2 protein chains.
Amino acid sequence: MSADFLQRCRAIVGPDYVLTSQQDCAPYLTDWRGRFTGRALAVLRPKDSAQVAALVRACSDARIALVPQGGNTGLVLGGVPDASGQAVVLSTARLNRIRAIDAVNRTMTVDAGCILLDIQQAAAAQDCLFPLSLAAEGSCTIGGNLSTNAGGTAVLRYGNARELCLGLEVVTPHGDIWNGLRGLRKDNTGYDLRDLFIGAEGTLGIITGAVLKLFPLPESTLTALVALASPRDALSLLNLMQDRCGASLTGFELMSDYCMRLVATHFPHLPKPFVQRHAHYVLLEVSSSESEQHAVALLEGGLEQAVELDLADDAVLATSSAQSRALWQLREHIPLAQAAAGKNIKHDISLPASSIADFIDSTGAKLQQAFPQCQVVCFGHLGDGNLHYNVAPPDGEPHEQFLANQAAISRIVHDSVDACQGSISAEHGIGALKRDDLARYKSKVELDMMRAIKGALDPLGIMNPGKVL
Amino acid sequence: MSADFLQRCRAIVGPDYVLTSQQDCAPYLTDWRGRFTGRALAVLRPKDSAQVAALVRACSDARIALVPQGGNTGLVLGGVPDASGQAVVLSTARLNRIRAIDAVNRTMTVDAGCILLDIQQAAAAQDCLFPLSLAAEGSCTIGGNLSTNAGGTAVLRYGNARELCLGLEVVTPHGDIWNGLRGLRKDNTGYDLRDLFIGAEGTLGIITGAVLKLFPLPESTLTALVALASPRDALSLLNLMQDRCGASLTGFELMSDYCMRLVATHFPHLPKPFVQRHAHYVLLEVSSSESEQHAVALLEGGLEQAVELDLADDAVLATSSAQSRALWQLREHIPLAQAAAGKNIKHDISLPASSIADFIDSTGAKLQQAFPQCQVVCFGHLGDGNLHYNVAPPDGEPHEQFLANQAAISRIVHDSVDACQGSISAEHGIGALKRDDLARYKSKVELDMMRAIKGALDPLGIMNPGKVL
């Protein structure tokens, strides 16, 4: 049975693209963070949508489950198979053509397996911006970005991956190709299937192509690093800057002093913008379609008012792109510094902006009560209400020992998020990792609707089983 | 049977809110444009979500179909019942509370029956902008706006109704209340049910509440009217202004000379900005978060470059809000002037920007060939690729006689839209009016997925039957 199936797959994609040896399959079976290694019947590497469709029909006929995989950079075990060895991994890596760029319509049509960085560069070559940007951009694929509705650092201005996509091509669980590759800003003809597949983590079908929105490249993008007393002041600064700059405010990242000290410890060559320590820092970014002078004026005007209103204790303004990059490096090195310091317990949460300050206070207090001296590594995209709220052991306590508290600590954090009507997964998705949490925090009504849709579109249950639901 | 059902409804909402007399029901049975009058078993007027849920359960138990209705301003017969008299109309008009405004999170939580204008004004009272704006704003409801994913004049900068909504409360076809009232910019916890209900025209459930996005009020909004030779030049001007202004370009409307002459004929008191006639006009709007001076500089700089590049023949710049309003009036009076001139054949289409000029040329030629001397009334939201492409009789031909060609003319226009990979309903939806067109222009794969979802969420088929699918 499985020999026949594999033979059929080889006939579709060619024998070189059906991997079965342990060595060949290994890179596809362990997740990005190295948390889990699954097993697979085979790894299939089609080159286009037609081959994907034929493989899905083969899987459907043989009742074999499929795990779609892009760059395998996911953080919630959504793209790796389970331990059963009964599923196949379908890698979209060879679907890597940029199909078309329409500079007048400001759209780009791409295969799902295109690397995000390649897409950014192809846009830039046409004097356009594709704004999606995140740490894994050098290896993640746009199909994975869309399947997880990726966020990143440009959401404040440009939205999540969902908002950056106008149309999709999807292979359905029946092995049909849905051509929804529309490049339209307005289209009210029936149900919004596009947004249903976006964020579905491959459980409803396989995204094989997409039409992406492009934007004019800003003339100038500059940053400032602001030292301030509290998250509450950071939120006031956010509102002030949005009032003054509108859509020209393109980034607003919060970092606690603990984060900055971690970076300084593990990456001593990076700049240290302030002599004194401050409780919190905000990295803010302004982009101007007009000129560098205009960007400087926006930053300076906003910071002057912030100092007048006593919202900012100190500030460093980058007046060149090089200086701006250097400030961004401080933010980008936080996850690396954390990794260097040892493992910790990660949370990817979002909250209404108005609840963030209270959340940080009350959750910190609850954690201190349960785990005295634990360290909170709190940073993230404050402009989107999205915090990476990670918990590390007290100084000196072995990390492995502390990790045994993962379930209890995540429960405290997620219950606290839930009480604030926040989300336990802001940008990483659910995958296999947060499936039980989903069942805990979602209402029965919502779960029932999700299950009904899953059953309607994938009645055999072959698409990425065990993920999300 | 029906007497028992009505008795149960009266027990839920009170006898005053179950309308059955012909006179009481009449306002709910004829659509906005007066195209069609249906019949209903009753009109139900609940006051809150709990009553809506109880009514839906009563309908479900009795297998009685429901037609949800907001302000009854829809243009595609989506909110009125059919002629059978077997369905009830469920009016959301009494669900009209603004539940909460969170100025820090920039969100507003509202009942679905709130009038759009009331929402705009409540936002403005908090120094915030709710940008959705359209002709019917004085009587349409936000529930209807969301159910049809309304567009309007601010889509270029702020997006459609879909992009302006963070969370929903929905009564499902089973009579359950789904509380999805989240005020989060990022939330990747499962399938995107919100966007499935948005634009579903009440066929999957009844939207009873929503969390809306608010924005900072711009400091200054100014317009200019530009005379130019062709839609091609208008598109070049669009790209130029977007490059120069970024998100500060908040409106970009195209009008043909024929539209302007219609307005001048029927509304002679309105300003006539140009002495000479020109083939086309663009109304462009710029909003600045900084100052009026900045808005003027953006407009002047863009227009100077447009003249240098020979894209604009002439231009009038409004340097005050009052002048800007006067220019907008020209645009807003086009539909009124058309109505005064007599009935015509309307189309609400969208196209990739790069196809618009060719579409206008080739569709005009096809229409002239089939219906010599017919008049094309072409105007709309060019910045979104959305045209209202209406066809009127040759001068002197009776309108009623010409309307007999509706099917043939719409076929020419829609086939032409389809060939350009456009949409036959950009912002009005499908309703009952375009249901056959949907079946003609959508692929079987897409229709099958829509039907599967409809069947999964509304297995009894009681939600707004005969609409969309």
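- You'll find chain A entered in an unreviewed UniProt entry as Hydroxyacid dehydrogenase, with Massilia eurypsychrophila given as the organism.
- We quote the UniProt Sequence similarities (unreviewed entry) comment for chain A here in full: "Belongs to the FAD-binding oxidoreductase/transferase type 4 family."

1. Concerning the overall build of chain A
Thought 1: Summing up its helical and strand segments, chain A has 16 helices and 18 strands in all.
Thought 2: In terms of overall size, chain A behaves like a compact globule, its C-alpha atoms giving a radius of gyration of 23 Å where 469 residues would be expected to give roughly 23 Å.
Thought 3: When each of the 469 residues of chain A is scored for burial, the buried share is 61%.
Thought 4: In chain A, 74% of the contacts between residues at least 6 apart in sequence involve partners at least 24 apart.
Thought 5: Positive and negative side-chain charges in chain A, numbering 39 and 49 respectively, have mean positions lying 8 Å apart.

2. Some words on the interface of chain B and chain A
Buried accessible area, meaning the area lost when the parts come together, often serves as the stated size of an interface.
Thought 1: With 81 residues of chain B at the contact, the number on the chain A side is 80 residues.
Thought 2: Interface area for chain B against chain A, summed over the two sides, is near 6400 Å², with a carbon-plus-sulfur share of 55%.
Thought 3: Ranking the residues of chain B by area buried against chain A places Lys186(B), Asn188(B) and Tyr191(B) at the top, with a combined share of 16%.
Thought 4: Counting every contact that joins chain B to chain A gives 10 salt bridges.
Thought 5: The partner of Asp192(B) in a salt bridge is Arg162(A), with the nearest N and O atoms 3.1 Å apart.
Thought 6: Applying the counting criterion to the chain B and chain A interface returns 52 residue pairs in polar contact (both at pLDDT 80 or more).
Thought 7: Looking at the side of chain B that touches chain A, the elements that each hand over two or more residues are helix H6 (155-158), strand E9 (177-180), helix H7 (193-197), helix H8 (231-245), helix H10 (292-308), helix H12 (353-370) and helix H16 (444-457) of chain B.
Thought 8: Ranked by residues supplied to the side of chain B that touches chain A, first place goes to H16(B) with 9 residues.

3. Topic: helix H14 (residues 406-419) of chain B
All names here are of chain B.
Thought 1: Under the 1.5 Å per step criterion, the end-to-end length of H14 is 20 Å for 14 residues, consistent within 8% with the ideal 20 Å.
Thought 2: Within the span of H14, buried status applies to Ile409, Ser410, Val413, His414, Ser416 and Val417. One side of H14 carries all its buried residues, which in axial view fall inside an arc of 155 degrees. Every exposed residue of H14 that faces more than 90 degrees away from the buried side is listed here: Ala407 and Ala419.
Thought 3: The elements touched by buried residues of H14 are strand E16 (348-350), H12, strand E18 (386-392), helix H13 (399-403) and helix H15 (435-441).
Thought 4: Remark: Gln421 follows H14 within two positions and exhibits a positive phi of approximately 55 degrees.

4. Section: the nonpolar core
Thought 1: Counting 93 residues, the largest nonpolar core has Phe130(A), Leu168(A), Phe130(B) and Leu168(B) as the members making the most contacts within it.
Thought 2: Not counting the four nearest positions on each side in its chain, Phe130(A) is found in contact with Leu116(A), Ile119(A), Gln120(A), Ala123(A), Ile142(A), Leu164(A), Leu212(A), Lys213(A) and Leu214(A).
Thought 3: Among the nonpolar cores identified, the runner-up in size contains 50 residues, and Leu303(A), Cys374(A), Ile409(A) and Cys420(A) belong to it.

5. So, the UniProt feature "domain: FAD-binding PCMH-type" (unreviewed entry) in chain A
Thought 1: Per the UniProt record, "domain: FAD-binding PCMH-type" (unreviewed entry) is found at residues 36-217 of chain A.
Thought 2: Secondary structure content for residues 36-217 of chain A is 21% helix and 24% strand, while the C-alpha to C-alpha distance between its ends is 40 Å.

6. A word on the relation of the copies chain B and chain A
Thought 1: Note on the identical chains: chain B maps onto chain A by a rotation of 180 degrees and an axial translation of 0.0 Å, with an RMSD of 0.0 Å. The two molecules are tied by a two-fold rotation axis, judged by turn and shift.
Thought 2: Both copies contact each other with a shared surface, as 99% of the interface residues of chain B are interface residues in chain A too.

7. Re the environment of Ala150(B)
Residues and elements named next belong to chain B.
Thought 1: Turning to its location among the elements, Ala150 is positioned in the loop between helix H5 (142-147) and H6.
Thought 2: The exposure class of Ala150 is buried, given its relative accessible area of 5%.
Thought 3: Sequence-wise, Ala150 and Gly199 are 49 residues apart; in three dimensions their C-alpha atoms are separated by 8.2 Å.

8. Looking at the domain arrangement of chain A
Thought 1: Split into domains, chain A comes out as domain 1 (2-91), domain 2 (98-216), domain 3 (220-341) and domain 4 (348-428).
Thought 2: Just the C-alpha atoms count here: the centres of domain 1 of chain A and domain 4 of chain A sit 35 Å apart.

Conventions and cut-offs
- Residues numbered from 1 in each chain as written.
- Chains lettered and ligands numbered in written order.
- Predicted model: local features only at pLDDT ≥ 70, side-chain atom pairs only at ≥ 80, totals over all residues.
- Heavy atoms only, no water.
- UniProt positions renumbered as here; feature names shortened; annotations may be inferred.
- Helix = DSSP H or I, 4+ residues; strand = E, 2+ residues; numbered from the N terminus.
- Rg over C-alpha atoms; globule rule 2.2 N^0.38 Å.
- Buried < 20%, exposed > 50% of the residue type's maximum accessible area, 1.4 Å probe, protein only.
- Contact = heavy atoms within 4.5 Å.
- Lys, Arg positive; Asp, Glu negative; His and termini not counted.
- Charge placed at Lys NZ, Arg CZ, Asp CG, Glu CD.
- Buried area = accessible area lost by both parts, 1.4 Å probe.
- Salt bridge = Lys/Arg side-chain N within 4 Å of Asp/Glu carboxyl O.
- Polar contact = N/O pair within 3.5 Å; in protein donor to acceptor, adjacent residues only side chain to side chain.
- Expected span 1.5 Å × (residues − 1).
- Arc of directions from axis to C-beta.
- Core = buried A, V, L, I, M, F, W, Y, C linked by side-chain atoms within 4.5 Å.
- Least-squares fit on C-alpha atoms with pLDDT ≥ 70 in both.
- Domains from an automatic or database assignment.

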